[in-house]
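Results of the structural survey
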Amino acid sequence: MRKPFNTRHLRKGLAMLGCLAAGLSIGCGNGLHEVTGVVLVDGKPAASGVQVLFLPEGNARVATGSVAADGSFVMQTDQKTGVMPGDYIVTLVNSTESIPRPGTPVDESTGSAPRDFFTYSAAVQKLLDKPPTGAGWIPKSYADMQQSPLRVKVPQDGTLLTFEVPANTGDN
């Protein structure tokens with residue numbers, strides 16, 4: 001004699017299948033969309049260390065990325081790879097990696113290392129307020145969310161982005 005069909009197991013199986021499908025559709029269950037890209041300055045990779053910031057224009061969280069030597073970046077939200085869906089203002093902040101940190105051995109070719117944190121902070125602020133001109137340096141306006149012309153819509157604009165900017169000439 002056959003046992004009667006147990007619908008409880010069927011309901012459990014369907015519920016698990018539904019949860020799995022929902023989890024896959026929103027990207028690992030955290031709602032983030034993987035976003036990568038490249039920053040180009042006059043057609044060449046931006047300097048390593050340039051910070052890419054996605055500032056939400058709605059109910060999302062800030063996402064950040066750091067440019068690698070080849071100009072590429074990977075965006076993260078709360079230290080997790082990916083970006084929440086939404087509209088963002090994109091800002092690009094020049095790298096301060098060229099400024100020696102306190103306690104760094106002095107490099108005779110570039111000058112002396114800062115003696116303390118306050119000297120270092122002043123040098124960083126000076127670089128951000130008036131970036132050097134020429135190849136590889138991003139104009140200051142791109143670091144200001146009120147002036148940056150860069151916008152992105154996640155996920156509609158895709159997951160592989162290219163931001164092309166002119167080099168800082170001192171007048172932009």
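Quick note: structure is the one above.
Described in the following lines is the structure provided in the data block. (Residues numbered from 1 in each chain as written. Predicted model: local features only at pLDDT ≥ 70, side-chain atom pairs only at ≥ 80, totals over all residues. Heavy atoms only, no water.)

1. Some thoughts on the overall build of the protein chain
On a plain count of helices and strands, the protein chain comes out with three helices and 10 strands. Going from the N terminus to the C terminus, the protein chain shows its helices and strands as α-α-β-β-β-β-β-β-β-β-α-β-β. Within the span of the protein chain, comprising 172 residues, buried residues form 31% of the whole. Sequence separation of at least 24 residues holds for 66% of the intrachain contacts in the protein chain that already meet a minimum separation of 6. Accessible area of the protein chain: about 11000 Å², with a carbon and sulfur share of 57%. (Helix = DSSP H or I, 4+ residues; strand = E, 2+ residues; numbered from the N terminus. Buried < 20%, exposed > 50% of the residue type's maximum accessible area, 1.4 Å probe, protein only. Contact = heavy atoms within 4.5 Å. Areas by Shrake-Rupley, 256 points an atom, 1.4 Å probe, with all protein chains shown as cover.)

2. Re the nonpolar core
The tendency in soluble globular proteins is for nonpolar side chains to be buried side by side. The biggest cluster of nonpolar side chains holds 25 residues, and the ones touching the most others in it are Val 39, Val 52, Phe 54, Leu 92 and Ile 138. At the level of secondary structure, the elements contributing two or more residues to this core comprise strand E1 (36-41), strand E3 (51-56), strand E8 (86-93), strand E9 (151-154) and strand E10 (160-165). (Core = buried A, V, L, I, M, F, W, Y, C linked by side-chain atoms within 4.5 Å.)

3. A closer look at the packing of aromatic side chains
Tallied over the full model, the rule gives three aromatic pairs. Aromatic pair Phe 54 and Tyr 88: ring centres 5.6 Å apart, planes at 45°, arrangement tilted. Of this pair, Phe 54 sits in strand E3 while Tyr 88 sits in strand E8, and the two are 34 residues apart along the sequence. Phe 54 gets classed as buried once you look at its relative accessible area, which sits at 0%. Summarising the aromatic geometry, the rings of Phe 54 and Phe 163 are spaced 6.4 Å apart at their centres and angled 85° between planes, so their arrangement reads as edge-to-face. Of the two residues, Phe 54 sits in strand E3 while Phe 163 sits in strand E10, which places them 109 residues apart along the sequence. Taking relative accessible area as the criterion, Phe 163 reaches 6% and is therefore assigned buried. Feature note: the residues Phe 54, Phe 73, Tyr 88 and Phe 163 constitute an aromatic cluster, connected by ring pairs. (Phe/Tyr/Trp six-rings, centres within 6.5 Å; stacked < 30°, edge-to-face > 60°.)

4. A closer look at the environment of Gly 58
Secondary-structure assignment places Gly 58 in the loop between E3 and strand E4 (63-66). Judged by relative accessible area, which is 52%, Gly 58 ranks as exposed. Along the primary structure Gly 58 and Asp 87 are separated by 29 residues, whereas in three dimensions their C-alpha atoms are 6.8 Å apart.

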